[in-house]
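Structure at a glance
Here are the chains, one letter per residue:
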Amino acid sequence: MSDELRTELQEAIDTRRTFAIISHPDAGKTTLTEKVLLYGGAIHEAGAVKSRRSQRHATSDWMAMEQQRGISITSTVLQFLYNGHHINLLDTPGHQDFGEDTYRTLTAADNAVMLEDAAKGLEPQTRKLFEVCRMRSLPIFTFINKMDRPSRDPLELLDEIEQELGLATYPVTWPIGSGDRFTGVYDRRQGKVHLFKRTAHGSKAAEDTIFELGDPRLADLIDPELYHQLKDEIEILDELGTEFDLDAIHSGKLTPVFFGSAMTNFGVQLFLDAFVDYSLKPHPRHSTRDDIDPTYPEFTGFVFKLQANMDPKHRDRVAFIRVCSGKFEKDMTVQHARTGKTVRLSRPQKLFAQGRESLDTAYPGDVIGLNNPGMFAIGDTIYNGKKLEYEGIPCFSPEIFAYLRNVNPSKFKQFRKGVAELREEGAVQIMYSVDESKRDPILAAVGQLQFEVVQFRMESEYGVDTRLELLPFTVARWVQGGWEALEEAGRIFNTAAVKDSWERPVLLFRNEWNVAQVQADHPKLQLSNIAPVVSGKEPIER
């Protein structure tokens, strides 16, 4: 590698920051995303989900159904510049029915921001997603939101994170009051008090006035009770709190904590400034050829998401690719690890929710969009140089199942195309009956809303009216050892055998009790709640 390329790569890597936001529904994730973009200069006015006064929709919620319901149900990529850094914000679905899409997105992130509602603290979906972050040892930054509403005690919220998640906390900012009395935050990095001035519906960047903690004017500007409480609490944090440790943050053992209100913009800029300084830049990733450093001169990357019809006018399909090493250049040719084919990467795009613009180069940490003519699948690796593959992205056990029926047989081609493309992008898992006479696909999902999204998109994007026929199962298990192992087990009661899109045997059960019963009756039968990662084999289509 030339010194020039090494320097170019190192400079690009040093300024890249890639992160995803995880939260329980309604903690304010879409609003925080919008406000981060507002401060990043990527948008000039934020359209909060609950604002009924204007017809604007949140930038990150681009699908018609998201805009109708005010929830995020797909992952979106938002890229912008902030203080000389290239920020890649991977916006994830907040709804619990879309945990798998969030998991796939977290594989492309280097950092995670855990968003909490100050009144509710830790919630089930946040806990579940935190475990995924822990599996990947992601640095976690905590933003405690909605401080402008009645809230729990901040020290109690910190204690909950430490006790329930086993994660040490270091408050970087500290709130002054809550609810109607929330007047600002104390920034422990600079030792300054930031008092905020509200803006209309938080659509513009918040103005703040900055003082030293010992400034005598504060006694007149802050409620005396809050002022004394602030000084007491800062003293407690300094004397008894966890010490700041950047290495512990990078290894996912210590979380910097920020307090604020995304709706009114209080505390958002302080969070963003600290995040840029503390977050992890692109780092080595595990592959079949050991860990690949981002400064490795050959281009490598992997597909973590596919999305059809982002632009309804053009019926396009886009593969989202995380750049892992080397330099991406427009029109370069690469090897496709799963198929062994050579692919020319033309028309690459920089992504911003539904909007896109063409790009010529990209570096480790960046996410690029490539038009996908059926070539890519989720988890695919593309590379130059010696062959390698990054770890695949597994499928998790679905919890509800239903046949998807095509109401109008004359729309068979459109039905088949819609099912194939939605399966390809991971909107839902597709299975089939082992009975060849039953050719309709079985949708397998984590939650009911995924089914609604499939039906909505089949109608709006492919013009196909569909009907669901629910099946009485709640658990899926993949058979390790394939069809041979299933045949050896002989007759199995209280289960239905189906095949997934790669023709692997899957057993469906009514409940966990039936799973335990089958495993007791057939101790040699190995079952897994995670699908084996596929490599080198095309999925079946009907």
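Structure shown above.
Residues numbered from 1 in each chain as written. Predicted model: local features only at pLDDT ≥ 70, side-chain atom pairs only at ≥ 80, totals over all residues. Heavy atoms only, no water.

**Some words on helix 13 (residues 482-489)**
All of the buried residues in helix 13 are Ala485, Leu486 and Ala489. Viewed end-on, helix 13 has its buried residues packed into an arc of 100 degrees, placing them on one side of the element. Exposed and oriented more than 90 degrees from the buried face of helix 13 are Glu484, Glu487 and Glu488. Buried-residue contacts for helix 13 involve strand 28 (475-479), strand 29 (496-500) and strand 30 (505-509). Just beyond helix 13, the residue with positive phi is Gly490, at close to 80 degrees. (Buried < 20%, exposed > 50% of the residue type's maximum accessible area, 1.4 Å probe, protein only. Helix = DSSP H or I, 4+ residues; strand = E, 2+ residues; numbered from the N terminus. Arc of directions from axis to C-beta. Contact = heavy atoms within 4.5 Å.)

**Overview of the nonpolar core**
Leu90, Leu106, Met114, Cys133, Leu165, Phe302 and Phe304 are the most contacted members of the largest nonpolar core, which has 33 residues in total. Of all the secondary-structure elements, those providing two or more residues to this core are strand 1 (16-23), helix 4 (99-106), strand 4 (111-117), helix 5 (124-135), helix 6 (154-165), strand 14 (300-308) and strand 15 (317-325). If near-sequence neighbours (up to four positions away) are discounted, Leu165 is found in contact with Met114, Leu122, Arg127, Phe130, Arg134 and Glu160. In this structure, Leu32, Phe80, Leu272 and Tyr278 belong to the second largest nonpolar core, which totals 30 residues. (Core = buried A, V, L, I, M, F, W, Y, C linked by side-chain atoms within 4.5 Å.)

**Structural notes on the pairing of strand 3 (residues 85-91)**
Burial runs high along strand 3: 6 of the 7 residues are buried. Two strands pair when backbone bridges link them, and strand 1 and strand 3 are joined in this way by 5 bridges, in the parallel orientation. Bridged to Arg16 within strand 3 is His86. (Pairing = 2+ DSSP bridges.)

**Let's talk about the pattern of salt bridges**
Across all of its chains, the model carries 27 salt bridges by this definition. Residue Asp110 is joined to Arg322 by a salt bridge in which the shortest nitrogen-to-oxygen separation is 3.1 Å. Here Asp110 is found in the loop between helix 4 and strand 4, whereas its partner Arg322 is found in strand 15, with 212 residues between them in sequence. The same class applies to Asp110 as to Arg322, namely buried. Linking Arg217 and Asp215 is a salt bridge whose minimum nitrogen-to-oxygen distance equals 2.8 Å. (Salt bridge = Lys/Arg side-chain N within 4 Å of Asp/Glu carboxyl O.)

**Quick word on the packing of aromatic side chains**
Following the criterion strictly, the structure yields 13 aromatic pairs and no others. Between Tyr170 and Phe244, the ring centres sit 5.4 Å apart and the planes meet at 70 degrees, which makes this aromatic pair edge-to-face. Placement of the pair is Tyr170 in strand 6 (residues 168-171) and Phe244 in the loop between helix 8 (224-240) and helix 9 (246-250), with a sequence separation of 74 residues. On the accessibility criterion, Tyr170 (14% relative accessible area) is buried. (Phe/Tyr/Trp six-rings, centres within 6.5 Å; stacked < 30°, edge-to-face > 60°.)

**Quick look at helix 1 (residues 3-14)**
Three- or four-residue spacings in an α-helix give side chains the same orientation, since the helix completes a turn every 3.6 residues. Taking 1.5 Å as the rise per residue, helix 1 with 12 residues should run 16 Å; its terminal C-alpha atoms sit 16 Å apart, in good agreement. Tucked into the core, helix 1 has its buried residues touching strand 1. (Expected span 1.5 Å × (residues − 1).)

**So, the pairing of strand 15**
With respect to burial, strand 15 is a largely interior element, 9 of its 9 residues being buried. Note: strand 15 against strand 22 (residues 367-371), 5 bridges, orientation antiparallel. Pairing of Ala319 across the sheet is with Leu370, part of strand 22.

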